Amino acid sequence: MLIRNQFAWSCCCLLLFLVPEIFAVQCLDPPHCENVRGYPLQTIQTTVNREFDKYAAFFGEDPIYTTPMVINRFNPGPFVDPKNAVVSSDDSHLCNFSILTKFPKFGTTNTNEELLIINDGQNYRQGVRVELCQNDNSKCLYSDSFPNGYECTCEQQYHYRYLLSYDNNKVVKKAFRMPSYCKPSIKTKDATRYN
């Protein structure tokens, strides 16, 4: 993937040429792209340093609560602070999932642009909480217990999250596609869905 990100000025024989600097980047661990070959770390750090105070609120990471928690998505009732949620060990889910914090360095925006995301692993970290299906598009647990003619599959769902990215030698805020939760989807054999 080639990304035009910065312009360098060249001078020859009193003529100025605007030469785009091209970064050849490759995501080594899709779909989250925490490891990117060719990531222009020094260039990004220099650019962010120029106006760090303007962007400081974006850096950090989403919390992951260690207290087990189940949220009833069909009838959530009153808001419960997740830090105080208590769930018995008897709770189970239809889909197995993992909750992780990812630090992506490259991603696709809501306008299908492929851009570098600012994540230097040191001072400029944007940690995103993601919920990943362990077996996307597989049968749900207990699917044999569903009535005849119905099947349940686990489907990865996504949302868009605003992150600081690097584009044309500027720091810009863009919405990137991130996995948000693992949804059990019930459908009839004729593919009519009941979610």
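Below you will find a few notes about this structure. (Residues numbered from 1 in each chain as written. Predicted model: local features only at pLDDT ≥ 70, side-chain atom pairs only at ≥ 80, totals over all residues. Heavy atoms only, no water.)

Let us look at the packing of aromatic side chains. Per the counting criterion, the structure on display carries 3 aromatic pairs. With centroids separated by 6.1 Å and ring planes inclined at 5 degrees, the aromatic side chains of F52 and F59 adopt a geometry described as stacked. Exposure remark for F52: the relative accessible area of 30% places this residue in the partly exposed category. Counting every residue linked through ring pairs, the aromatic cluster contains F52, F59 and Y124. The ring centre of Y39 lies 5.0 Å from the NZ or CZ of K105, which sits over that ring. Above the face of the Y158 ring, R177 is positioned so that its terminal group lies 3.6 Å from the ring centre. (Phe/Tyr/Trp six-rings, centres within 6.5 Å; stacked < 30°, edge-to-face > 60°. Buried < 20%, exposed > 50% of the residue type's maximum accessible area, 1.4 Å probe, protein only. Lys NZ or Arg CZ within 6 Å of the ring centre and 35° of its normal.)

Time to look at the nonpolar core. By size, the foremost hydrophobic cluster in this structure holds 16 residues, and its most contacted members are I44, V48, F59, L116 and I118. Of all the secondary-structure elements, those providing two or more residues to this core are α1 (41-50) and β10 (150-167). For I118, the residues in contact, after removing those within four places along its chain, are Y39, I44, V48, F59, Y124, Q126, L164, S165, Y166 and V171. (Core = buried A, V, L, I, M, F, W, Y, C linked by side-chain atoms within 4.5 Å. Helix = DSSP H or I, 4+ residues; strand = E, 2+ residues; numbered from the N terminus. Contact = heavy atoms within 4.5 Å.)

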